[in-house]
Amino acid sequence: MSGQSVKRVVVAGGGTAGWMAAAALSKQLGPLLDIVVVESDDIGTVGVGESTIPTARTFNALLGIDEAEFMRATQSTFKLGISFENWGQIGDRYIHSFGQVGKSTWMGGFHHFWLQARAEGFAGDLGDYCFELQAAKAERFFTDENAAINYAYHLDATLYGQFLRKMSEAAGVRRQEGKITSVRQRSQDGFIEALVMESGEVIEGDLFIDCTGFRGLLIEQTLKAGFEDWSHWLPTNSALAVQTRSTGPALPYTRASAHRAGWQWKIPLQHRVGNGLVYSNAHMSDDEAHTLLLEQIEGEPLTEPRLLRYRTGRRRKTWDKNCIALGLASGFVEPLESTSIHMIMIGVTRLMQLFPFDGVNEAVIARYNRLAEDELEKIRDFIILHYTLTQRADSPFWDDCRTMDIPDSLVHRIALFRDNAQVFQAPGELFQVDSWLQVMLGQGLEPQGFHHMGRMIPPGQLRRALDDLKGNIAQAVERMPHHQDFLDRYCPSART
Ligand SMILES: Cc1cc2nc3c(=O)[nH]c(=O)nc-3n(C[C@H](O)[C@H](O)[C@H](O)COP(=O)(O)OP(=O)(O)OC[C@H]3O[C@@H](n4cnc5c(N)ncnc54)[C@H](O)[C@@H]3O)c2cc1C
């Protein structure tokens, strides 16, 4: 299609997406490529995106990053899951943890045993059988090279960018500061040839990675790849972000507390706390959101609340011609389950796997786009689940969420669980059975039937097995240090 071999890679934008792309490409394919990152200090970055999921550790391993060094440099804390508050009903709380719940068999998930035990009257809470969930509740944490614990990080987005930039520049990536004022296309096929800077300088390339954030300067403003809007399913479109001083030990989980027109995040870092109010501006004015945020935050504000507007949906083509969009330029699903940084990581690893050294062609573009589309749609359904399963009836926002039409794919999943307690992880899907399970039960979706494999176990044995599991988890958690104490030992950062 392009016939032109690919050596010169131009990354437009130096936010989290731009520097993640540059760091990964330079580490894994550096000698084969000539990489430049173009970023504008005047425009800056979005400055949020501080809660991750466990795949962040896979990405760090790919880059050969030392964990303690990374955590010190980015003021990170450990994250074992998300505490959802007021989602099913006001006053409810459940934790979606990164852990496995109990032990499953080939015939069915652990929760079928648990449902059997519950029907017989001796089951604890489902969370009693999940190590990470219990550790989160007890605010404890421990890891070393032998520890079997699944976790992620809370990190400072600006420091993360600087950390990756340092790594990338050491690996030979060139940084070009300045504003891109236009994008030059080849007349015969519309492929991008070069970025033209405010200074007049021209940056030519063979492959362009659009990391210019919501602007989508290359993928949308230039190539007009199109946008599929999902806001009818995910109605929030605004966020007010503010940083506060910490008021106590860092929690090993993110808090996502629902309010009458959206929800609020609280992300504990070593040196401060990140807070944000996510809302639908059709249901709450910016002024009301501002007041609510300032009422609800706990520590002294360190910044002025910053307003961010977004549109939920995906770019119709995340790879178009010789341009691949990563990060916010590729689309956005709200941050409820901290999936955006994961999508950047998947995008860049997939690009490395499919890298078009001998020229860009339609087959490789189609493969990349298909995989990206598939994964994001499943993430979208998982996020919608949190809204559609609410029983809240205290505001027009929740009335709309409770009664909205949802994608057929999600209608099926909900029916499958409600009628049979069956849950599945589709091929290529990020969220595992235990994630679906924790959120469905956490939001009050009670299965009416379940698999009766628990009845095959002799009387008394199921009870003993569950009691042992619960007891072993409780003892293991009891032996762990408090999260803050472990952080202070493992990766202390300067607090200011
Ligand atoms: C409210 C909110 C909360 C979020 N929370 C989370 C979370 O908890 N977890 C998570 O995984 N993700 C989260 N995200 C998403 C996350 O913030 C982004 O995925 C991540 O920061 C990547 O952003 P980016 O690099 O694509 O864009 P940006 O950070 O906006 O970077 C864009 C870059 O492009 C440059 N640029 C733009 N135009 C030009 C130009 N004309 N010339 C030169 N340079 C230009 C800018 O200078 C900047 O360097 C959140 C997003 C929002 C909106």
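Note that the structure is predicted; figures quoted are calculated from it, not measured. (Residues numbered from 1 in each chain as written. Predicted model: local features only at pLDDT ≥ 70, side-chain atom pairs only at ≥ 80, totals over all residues. Heavy atoms only, no water.)

Draft legend 1. The arrangement of the nonpolar core in detail. Grouped together as the largest cluster of nonpolar side chains are 141 residues, with contacts concentrated most on Leu25, Trp87 and Tyr387. A total of ten residues in this core trace back to one element, the largest contributor, which is helix 9 (residues 362-388). When residues no more than four places from it in sequence are discounted, the contact partners of Leu25 are Val9, Gly30, Leu33, Ile35, Ile209, Val348, Met352 and Phe355. Formed by 19 residues, the second largest nonpolar core is a distinct cluster that contains Val183, Phe208, Ile219 and Ala225. (Core = buried A, V, L, I, M, F, W, Y, C linked by side-chain atoms within 4.5 Å. Buried < 20%, exposed > 50% of the residue type's maximum accessible area, 1.4 Å probe, protein only. Helix = DSSP H or I, 4+ residues; strand = E, 2+ residues; numbered from the N terminus. Contact = heavy atoms within 4.5 Å.)

Draft legend 2. Up close: the pairing of strand 15 (residues 262-268). Buried residues dominate strand 15, accounting for six of its seven residues. Inspection of the sheet shows strand 14 (residues 254-259) paired to strand 15 by five bridges, in the antiparallel sense. Across the sheet, Arg255 pairs through a bridge with Lys266, a residue of strand 15. Between strand 14 and strand 15, which pair antiparallel and follow one another directly, the connecting turn spans two residues. As defined by bridge partners, strand 15 adjoins strand 16 (residues 273-279) across seven bridges and the pair is classed as antiparallel. If you follow Ile267 over to strand 16, its bridge partner there is Gly274. (Pairing = 2+ DSSP bridges.)

Draft legend 3. Main features of the side chain of Ser493. You can see Ser493 is positioned in the segment after helix 14 (483-490). If we ignore the near neighbours within four places in the chain, the residues touching Ser493 are Met71, Arg72, Gln75 and Gln270.

Draft legend 4. Local environment of the sheet that holds strand 12 (residues 227-229). Taken together, the three strands give an open sheet; going across it, the order is 12-18-21, and neighbouring strands pair in antiparallel fashion. Each edge of the open sheet carries a strand with a single partner, namely strand 12 and strand 21 (331-332). One ladder, built from three bridges, connects strand 12 with strand 18 (residues 313-315); its direction is antiparallel. Opposite Phe227, over in strand 18, you have Arg315 as the bridge partner.

Draft legend 5. The packing of aromatic side chains, seen in detail. All chains considered together, the criterion is met by 28 aromatic pairs. With a centroid separation of 4.0 Å and an interplanar angle of 15°, the aromatic rings of Phe78 and Phe141 are classed as stacked. A residue pair is termed long-range when its members are at least 10 positions apart, and Phe78 in strand 3 (residues 77-79) and Phe141 in the loop between helix 5 (131-137) and strand 6 (152-154) qualify at 63 residues. Take Phe78 and Phe141: they sit in the same class, and that class is buried. Residues Trp263 and Trp265 carry aromatic rings whose centres are separated by 6.3 Å and whose planes lie at 55° to one another, so their mutual orientation is tilted. For the pair Trp263 and Trp265, a shared accessibility class is recorded, and that class is buried. The structure contains a cluster of three or more aromatic residues connected by ring pairs, namely Phe70, Phe78, Phe141, Phe142, Tyr151, Tyr153, Tyr160, Phe163, Phe486 and Tyr490. Arg57 extends its terminal NZ or CZ atom over the ring of Tyr151, reaching a point 3.9 Å from the ring centre. (Phe/Tyr/Trp six-rings, centres within 6.5 Å; stacked < 30°, edge-to-face > 60°. Lys NZ or Arg CZ within 6 Å of the ring centre and 35° of its normal.)

Draft legend 6. The arrangement of helix 7 (residues 286-296) in detail. Of the positions making up helix 7, those classed as buried are Ala289, Leu292 and Leu293. For helix 7, the angular spread of the buried residues around the axis is 100°, confining them to a single face. Helix 7 presents Asp287 and Glu295 as exposed residues on the side facing more than 90 degrees away from its buried surface. Summarising the contacts, the buried residues of helix 7 are in contact with strand 13 (238-244), strand 14, strand 15 and strand 16. (Arc of directions from axis to C-beta.)

Draft legend 7. A look at the site of the ligand. Among the 35 residues in the neighbourhood of the ligand, the closest are listed as Gly14, Ser51, Ile180, Leu328 and Ile341. The backbone of Gly15 places a nitrogen or oxygen atom 3.4 Å from an oxygen atom of the ligand. Between an oxygen atom of the ligand and a main-chain N or O atom of Leu328, the distance comes to 2.9 Å. Burial of the ligand by the surrounding chains reaches 97%, relative to a free accessible area of 1,000 Å². Where the shell around the ligand is concerned, the elements lending two or more residues are helix 1 (16-29) and helix 8 (340-353). At three residues, helix 8 tops the list of elements feeding residues into the shell around the ligand. Two domains each provide a minimum of three residues to the shell around the ligand, namely domain 1 (8-50 + 156-231 + 312-360) and domain 2 (81-147 + 238-308 + 378-496). (Near = heavy atom within 4 Å. Polar contact = N/O pair within 3.5 Å; in protein donor to acceptor, adjacent residues only side chain to side chain. Areas by Shrake-Rupley, 256 points an atom, 1.4 Å probe, with all protein chains shown as cover. Domains from an automatic or database assignment.)

Draft legend 8. A look at helix 1. Compared with an ideal rise of 1.5 Å per residue, which puts 14 residues at 20 Å, helix 1 spans 19 Å between its outermost C-alpha atoms and is within 8% of the ideal. In terms of burial, helix 1 is a largely internal element, twelve of the 14 residues being buried. The set of residues buried in helix 1 consists of Thr16, Ala17, Gly18, Trp19, Met20, Ala21, Ala22, Ala23, Ala24, Leu25, Ser26 and Leu29. (Expected span 1.5 Å × (residues − 1).)

Draft legend 9. Just the packing of helix 4 (residues 110-120) against helix 13 (residues 461-479), in detail. Contact geometry of helix 4 with helix 13 gives a least axis separation of 11 Å together with a crossing angle of 115°. By the criterion of interaxial angle, the relationship of helix 4 to helix 13 is roughly perpendicular. Classified by chirality, the crossing of helix 13 by helix 4 is left-handed. Mapping the contact onto sequence places Phe110, Phe113, Gln116 and Ala117 in helix 4 and Leu462, Leu466 and Leu469 in helix 13. The residue makeup of the contact of helix 4 with helix 13, split by class, is six nonpolar, one polar and no charged. (Axes fitted to C-alpha atoms, helices over the stretch in contact; angles between N-to-C directions. Parallel < 35°, antiparallel > 145°, perpendicular 65-115°, else oblique. Left-handed = near helix turned anticlockwise from the far one by under 90°. Nonpolar A, V, L, I, M, F, W, Y, C, P; charged D, E, K, R; others polar.)

Draft legend 10. Local environment of the domain arrangement of the chain. Per the domain assignment, the segments making up the chain are domain 1 (8-50 + 156-231 + 312-360) and domain 2 (81-147 + 238-308 + 378-496). Opposite the 16 residues of domain 1 that make contact, domain 2 presents 24 residues. Summed over both partners, the interface of domain 1 with domain 2 comes to about 1,600 Å²; 68% of that surface belongs to carbon and sulfur atoms. Summed over the three residues of domain 1 that lose the most area to domain 2, namely Glu50, Leu336 and Glu337, the buried surface amounts to 40% of that side. Put simply, domain 1 and domain 2 have two salt bridges between them. Glu50 is the partner of Arg272 in a salt bridge, and the nearest nitrogen-oxygen pair spans 3.0 Å. Seen at the junction of domain 1 and domain 2, the total is eight residue pairs in polar contact (both at pLDDT 80 or more). Residue composition of the side of domain 1 that touches domain 2, by class: eight nonpolar, four polar and four charged. (Buried area = accessible area lost by both parts, 1.4 Å probe. Salt bridge = Lys/Arg side-chain N within 4 Å of Asp/Glu carboxyl O.)

Draft legend 11. Region of the structure containing the environment of Gly190. Mapping Gly190 onto the fold places it in the loop between strand 8 (180-185) and strand 9 (192-197). Residue classification places Gly190 among the buried residues on the basis of a relative accessible area of 13%. With 33 residues separating them in the primary sequence, Gly190 and Leu223 have C-alpha atoms 7.9 Å apart. Excluding anything up to four places from it in sequence, Gly190 contacts Gln185, Leu223 and Lys321.

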